Amino acid sequence: MADQLDHLYNGTDFESRFVQKIKKQSHPDNYSYQGIYLAAPNGVLLAGSHEALHDAKKVEKLVQQGLEKWKKLSPTDRLLAKEVFAKAVAERGDGGRLKLYPEDGLVLRLFCRDLPGAPEPKDANHRNLWNMDYAWFRKEEAIAFVPVTPTLGKNYAVRRELVERLARFHLIDAVRGSGLSYPKEAVAEANLTAEVVEVTDAFVSLRFQGATRTSQTGKFFTQNTVGSAWKVPEVQSRGYDTKLMGRAVYHRKDQKFISFELLAAGDRWGATSENGRVSDGEVCLRPAPMGVFLELAGNRPGERVPPVNLRHYGWK
Amino acid sequence: MDVIKLKSIAALLVGPVLLAFAEGPEANGPKTVNLTDATYTKLRDLVRPNATELAWQKISWRASVWDGIVEGQQSDKPILIWMLNGHPLACT
């Protein structure tokens, strides 16, 4: 399994205590929790490393070492006692962070990457980077992408709040890091039109076109010095100006999309503590091409990861 | 010419340039990339990772530590845990 750490560092629930126990056994003197670990379900560390994280051969060796240790443990020494497990399940309750997953809604996976014409990164570690995320829509929101009475050739405006959510939380500069969302007032434009290109009793096929523009002026950089060559202006602008295009097919009886893709392509600009652009120097303040592509996600367990900005959706 | 004057001139030149950046580019749509019907597929395929880049998805990862604990406990198997500050399966 794979997981993000920010909610686990200081948590007191069973899952957090488990992670803290694993890290303490692996590298107690290193502050970072990031790493690869092989553990028994009761929290006994079999093998673990912070350094092996980016080296497949080290990970393979670590797994082999861990499996050797696993074989030597009796079930009593590697599994949770029944009463402890039962208590943990009861403590977990209704599913923790993943309970908001929209089972009958629309789940998109998203990729972002710089496009040709973007400045070559000065730091070699920043070359060829891309990132991903998920975007969630509940059933009533997913249905809102489709006209109530679709007529061939007609255009319909998708609800602004849905496009605005995309602009604020998903059309962000996360190519080199987890990105920084935008406040509502930073959204200067957020429109998406769905044109009906085919209608049958079973399906509605749509073609999307639109545009978004987010722009915000402020202080976005907390570590203000980069080497001695350049300092980020204390107050600067950041933003993303896009055109949107895409297509989707909606299954009317099942009330769900069977295909969906949406591409945002446009100019990003600005440096933030999160976006890792500052190492390029002042060129990062100028518009440069970046793309964000969203498509229908699968339903494997690993594709139920909450959107990085889910907490800002306002869902309860 | 004294140094102070040179610095003043430099400040006058640099000031408007930084101010222009601070306000962001003009709001007339993107300038550095042109998304049209003709460029859509090419741009989409530039952004979307290829099969090699997504090879790590061949492993049937679970999305949380908790899911791994439950499955490991019920099937008597060890748990491989991959932890990053951002979610390793999504936005890192």
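Keep in mind that what you see is a predicted model, and the values were worked out from it rather than measured.

## Let's talk about the packing of helix α1 (residues 14-26) of chain A against helix α4 (residues 82-92) of chain A
Residue and element names in this part refer to chain A.
- At a minimum axis separation of 9 Å, α1 and α4 run at an interaxial angle of 125 degrees. By the angle between their directions, the pair α1 and α4 is classed as oblique. Contacts from Phe14, Glu15 and Arg17 in α1 reach Val84, Ala88, Glu91 and Arg92 in α4.
- Of the residues that constitute the contact of α1 with α4, the class distribution is three nonpolar, no polar and four charged.

## A few points about the nonpolar core
- Within the largest apolar cluster, 76 residues are counted, with the highest numbers of intra-cluster contacts made by Trp136(A), Phe145(A), Phe208(A), Phe257(A), Phe260(A) and Val292(A).
- Counting residues domain by domain, this core receives three or more from each of domain 1 (6-93) and domain 2 (99-312) of chain A.
- Every residue in contact with Val292(A), bar those within four places of it in the chain, is listed here: Leu110(A), Phe111(A), Cys112(A), His170(A), Leu171(A), Tyr240(A), Leu262(A), Leu263(A), Ala264(A) and Val47(B).
- Among the nonpolar cores identified, the runner-up in size contains 19 residues, and Phe18(A), Phe85(A), Trp66(B) and Ile79(B) belong to it.

## Here's the deal with the domain arrangement of chain A
- If you check the domain split of chain A, you get domain 1 (6-93) and domain 2 (99-312).
- A separation of 34 Å is found between the C-alpha centroids of domain 1 of chain A and domain 2 of chain A.

## Let's talk about the layout of surface pockets
- Quantified by volume, the largest pocket comes out at close to 1,100 Å³.
- Taken together, the elements giving at least two residues each to the lining of the largest pocket come down to α2 (56-72) and β5 (130-137) of chain A together with β1 (79-84) of chain B.
- Class assignment for the residues of the lining of the largest pocket results in 16 nonpolar, ten polar and three charged.
- Residue contributions to the lining of the largest pocket reach at least three from each of two domains, namely domain 1 (6-93) and domain 2 (99-312) of chain A.

## Overview of unusual backbone geometry
All names here are of chain A.
- The residue asparagine 128 is not glycine, and still its phi comes out positive at about 60 degrees.
- In this structure, glutamine 255 takes a positive phi of about 55 degrees despite not being glycine.
- Structurally, the position occupied by glutamine 255 is in the loop between β11 (236-251) and β12 (256-269).
- Taking relative accessible area as the criterion, glutamine 255 reaches 34% and is therefore assigned partly exposed.

## With respect to the interface of chain B and chain A
- Contact with chain B, which involves 58 residues of that partner, is made by 87 residues of chain A.
- Summed over both sides, the interface between chain B and chain A buries roughly 6,500 Å², with carbon and sulfur atoms accounting for 65% of that surface.
- In terms of surface lost to chain A, no three residues of chain B exceed Trp66(B), Gln73(B) and Met83(B), which account for 12% of the buried area on that side.
- The tally of links between chain B and chain A comes to five salt bridges.
- Residues Asp37(B) and Arg207(A) are paired through a salt bridge, measuring 2.5 Å at the closest nitrogen-oxygen approach.
- Elements represented by at least two residues in the side of chain B that touches chain A include exactly α1 (3-23), α2 (40-47), α3 (65-75) and β1 of chain B.
- It is α3(B) that provides the largest number of residues to the side of chain B that touches chain A, a total of nine residues.
- As defined by bridge partners, strand β2 (residues 35-39) of chain A adjoins β1(B) across five bridges and the pair is classed as antiparallel. Bridge pairing in β1(B) places Ile36(A) opposite Trp82(B).

## Overview of empty space enclosed by the protein
Residues and elements named next belong to chain A.
- This model, assessed by the stated rule, comprises three cavities of 30 Å³ or more.
- Reported here for the largest cavity is a volume of approximately 80 Å³.
- Contributing to the lining of the largest cavity are 13 residues, with Asp173, Tyr182, Arg238, Thr272 and Asn275 lying nearest its centre.
- When grouped by side-chain class, the residues that make up the lining of the largest cavity number five nonpolar, five polar and three charged.

## Quick notes on the packing of aromatic side chains
- All chains considered together, the criterion is met by 15 aromatic pairs over all chains.
- Each ring, one from Phe145(A) and one from Phe208(A), has its centre 6.2 Å from the other, and the planes form 70 degrees; the classification is edge-to-face. Of this pair, Phe145(A) sits in the loop between α5 (139-143) and β6 (155-157) while Phe208(A) sits in strand β8 (residues 203-218), and the two are 63 residues apart along the sequence. Per residue, the accessibility class of Phe145(A) equals that of Phe208(A), and both read buried.
- Aromatic pair Trp56(B) and Trp82(B): ring centres 6.2 Å apart, planes at 80 degrees, arrangement edge-to-face. Residue Trp56(B) is located in the loop between α2 and α3, and its partner Trp82(B) is located in strand β1; the two are separated by 26 residues in the primary sequence.
- Chaining the aromatic ring pairs together yields one cluster made of Phe137(A), Phe145(A), Phe208(A), Tyr250(A), Phe257(A) and Phe260(A).
- A cation over a ring is seen here: Arg78(A) above Trp70(A), with NZ or CZ 4.5 Å from the ring centre.
- The cationic tip of Arg138(A) hangs over the ring face of Trp315(A); the distance from NZ or CZ to the ring centre is 4.2 Å.

Parameters at a glance
- Residues numbered from 1 in each chain as written.
- Chains lettered and ligands numbered in written order.
- Predicted model: local features only at pLDDT ≥ 70, side-chain atom pairs only at ≥ 80, totals over all residues.
- Heavy atoms only, no water.
- Axes fitted to C-alpha atoms, helices over the stretch in contact; angles between N-to-C directions.
- Helix = DSSP H or I, 4+ residues; strand = E, 2+ residues; numbered from the N terminus.
- Parallel < 35°, antiparallel > 145°, perpendicular 65-115°, else oblique.
- Contact = heavy atoms within 4.5 Å.
- Nonpolar A, V, L, I, M, F, W, Y, C, P; charged D, E, K, R; others polar.
- Core = buried A, V, L, I, M, F, W, Y, C linked by side-chain atoms within 4.5 Å.
- Buried < 20%, exposed > 50% of the residue type's maximum accessible area, 1.4 Å probe, protein only.
- Domains from an automatic or database assignment.
- 1 Å grid on protein atoms, 1.4 Å probe; cavity = no way out; pocket = protein on both sides within 12 Å on 5 of 7 lines; lining within 4 Å.
- Points joined across faces, edges and corners; volume = space filled by probe spheres on them.
- Buried area = accessible area lost by both parts, 1.4 Å probe.
- Salt bridge = Lys/Arg side-chain N within 4 Å of Asp/Glu carboxyl O.
- Pairing = 2+ DSSP bridges.
- Phe/Tyr/Trp six-rings, centres within 6.5 Å; stacked < 30°, edge-to-face > 60°.
- Lys NZ or Arg CZ within 6 Å of the ring centre and 35° of its normal.

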